[in-house]
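The chain contents come next:
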Amino acid sequence: MLERSQKYDRSFVRRCMAGPNALYLTEELTDSMSLAPGMAVLDLGCGRALSSVFLAREYGVTVYAVDKNEDAETCNMLRDVGCDKSVYPIRADAASLPIPAGIIDALVCVNAYHNFGMEAGFFEAKLKPLLKPGAQVGLVLCGRRAECVKPDDMNENPVFWSAAEWRRWFESEGLGIDVCEELESTERAWKEWMTISMPELSEDELSRVKINPELALIKIVGCI
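Residues numbered from 1 in each chain as written. Predicted model: local features only at pLDDT ≥ 70, side-chain atom pairs only at ≥ 80, totals over all residues. Heavy atoms only, no water.

(A) Representation of helix 2 (residues 22–30) in the model. Taking burial as the measure, the 9 residues of helix 2 include 9 buried ones, the bulk of the element. For helix 2, the full list of buried residues reads Ala 22, Leu 23, Tyr 24, Leu 25, Thr 26, Glu 27, Glu 28, Leu 29 and Thr 30. For helix 2, the N-terminal cap is Asn 21; the gap from its side-chain oxygen to the backbone nitrogen of Leu 23 is 2.9 Å. (Buried < 20%, exposed > 50% of the residue type's maximum accessible area, 1.4 Å probe, protein only. Helix = DSSP H or I, 4+ residues; strand = E, 2+ residues; numbered from the N terminus. Polar contact = N/O pair within 3.5 Å; in protein donor to acceptor, adjacent residues only side chain to side chain.)

(B) Expanded view of the side chain of Asn 21. Within the secondary structure layout, Asn 21 lies in the loop between helix 1 (10–16) and helix 2. Here Asn 21 falls in the buried class, since its relative accessible area comes to 2%. Looking at Asn 21, its side chain comes within polar contact range of the main-chain nitrogen of Leu 23, at 2.9 Å. The residues contacting Asn 21, other than those within four sequence positions of it, are Val 13, Leu 50, Ala 189 and Glu 192. (Contact = heavy atoms within 4.5 Å.)

(C) Spotlight on unusual backbone geometry. At Ala 49, a residue that is not glycine, the phi angle is positive and equals roughly 70 degrees. One can find Ala 49 in the loop between strand 1 (40–44) and helix 3 (50–59). In this structure, Asn 111 is a non-glycine residue whose phi angle is positive, near 55 degrees. Inspection of the secondary structure assignment puts Asn 111 in the loop between strand 4 (104–110) and helix 5 (122–127). Since its relative accessible area comes to 18%, Asn 111 is described here as buried.

(D) Representation of the environment of Ser 172 within the structure. Along the chain, the position of Ser 172 falls in helix 6 (residues 163–172). For Ser 172 and Phe 123, which are 49 residues apart along the polypeptide, the C-alpha to C-alpha distance reads 9.8 Å.

(E) Expanded view of the packing of aromatic side chains. Scanning all chains against the criterion turns up 11 aromatic pairs. One aromatic cluster is present, formed by Tyr 113, Phe 116, Phe 122, Phe 123, Trp 161, Trp 166, Trp 169 and Phe 170 through successive ring pairs. Its guanidinium or amino end placed over the ring of Tyr 59, Arg 4 lies 4.8 Å from that ring's centre, counting from NZ or CZ. Its guanidinium or amino end placed over the ring of Tyr 24, Arg 188 lies 4.9 Å from that ring's centre, counting from NZ or CZ. (Phe/Tyr/Trp six-rings, centres within 6.5 Å; stacked < 30°, edge-to-face > 60°. Lys NZ or Arg CZ within 6 Å of the ring centre and 35° of its normal.)

(F) Region of the structure containing the side chain of Thr 30. Residue placement: Thr 30 occurs in helix 2. At 2.8 Å, the side chain of Thr 30 forms a polar contact with the backbone oxygen of Thr 26. When near neighbours in sequence (up to four residues on either side) are disregarded, Thr 30 contacts Leu 35, Phe 54, Leu 55 and Tyr 59.

(G) View of the nonpolar core. Counting residues in each nonpolar core, the largest one holds 40 residues, and the members touching the most others are Phe 12, Leu 35, Leu 50 and Val 61. Listed by contribution, the elements that provide at least two residues to this core are helix 1, helix 2, helix 3, strand 2 (62–67), helix 4 (72–80), strand 4, strand 5 (131–144) and strand 7 (215–223). Excluding anything up to four places from it in sequence, Phe 12 contacts Leu 50, Val 53, Met 77 and Val 81. Counting 33 residues, the second-largest nonpolar core is a separate cluster that includes Leu 44, Val 66, Phe 123 and Leu 141. (Core = buried A, V, L, I, M, F, W, Y, C linked by side-chain atoms within 4.5 Å.)

(H) Highlighting the packing of helix 2 against helix 3. Running from N to C, helix 2 and helix 3 point in directions that differ by 45 degrees, and their axes come no closer than 9 Å. Classified by the interaxial angle, the pair formed by helix 2 and helix 3 is oblique. When the axes of helix 2 and helix 3 are compared, the crossing they make is right-handed. Between helix 2, through Ala 22, Leu 23, Thr 26, Glu 27 and Thr 30, and helix 3, the contact on the second element is made entirely by Leu 50, Ser 51, Phe 54, Leu 55 and Tyr 59. (Axes fitted to C-alpha atoms, helices over the stretch in contact; angles between N-to-C directions. Parallel < 35°, antiparallel > 145°, perpendicular 65-115°, else oblique. Left-handed = near helix turned anticlockwise from the far one by under 90°.)

This is the structure we're talking about:
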């Protein structure tokens, strides 16, 4: 598992991480998708574009890497790793993307959707028009393990939603879902981030850190 991610230089990955290791999350997500060279992929909420580099390198796709905080540092990084001709950074709000309608073959959003997409009808009104008929959609979402979700939690905050609750949300937004499950790489991805956010921890101390067992990252893959 995660064999593709292991090829990437560790120092590069550390510089580009802005949360749980996006390489791991993107690899496990795209294992359930059918991406091919020449496709146009929208990587929405891409952060420092680590997921975008992975998509371009591993699948030969053209990536529109959208984040509201895209900056010169991201552009320099893409040039340095040779992805400036395949990954196009765009600074934009998810609700008003400067992308023509109907040109995107696949939408990818890794651990970011809860930041902008939780208004009812957002996916159908703002994102679906950008996608080609039959386009793929792959999402990694914050959530909780199914057995830990309390009934009072589920309507208050999507951070507390189980995979089943996320499925119902996106089905109501017009997405046909093929895969909806908890990611196996959740703990591993979080611990990678902790090596940066808490650099004072030794390797031994980090190995003994326990991630909140209630938390999960959830994979949804489907098409419109």
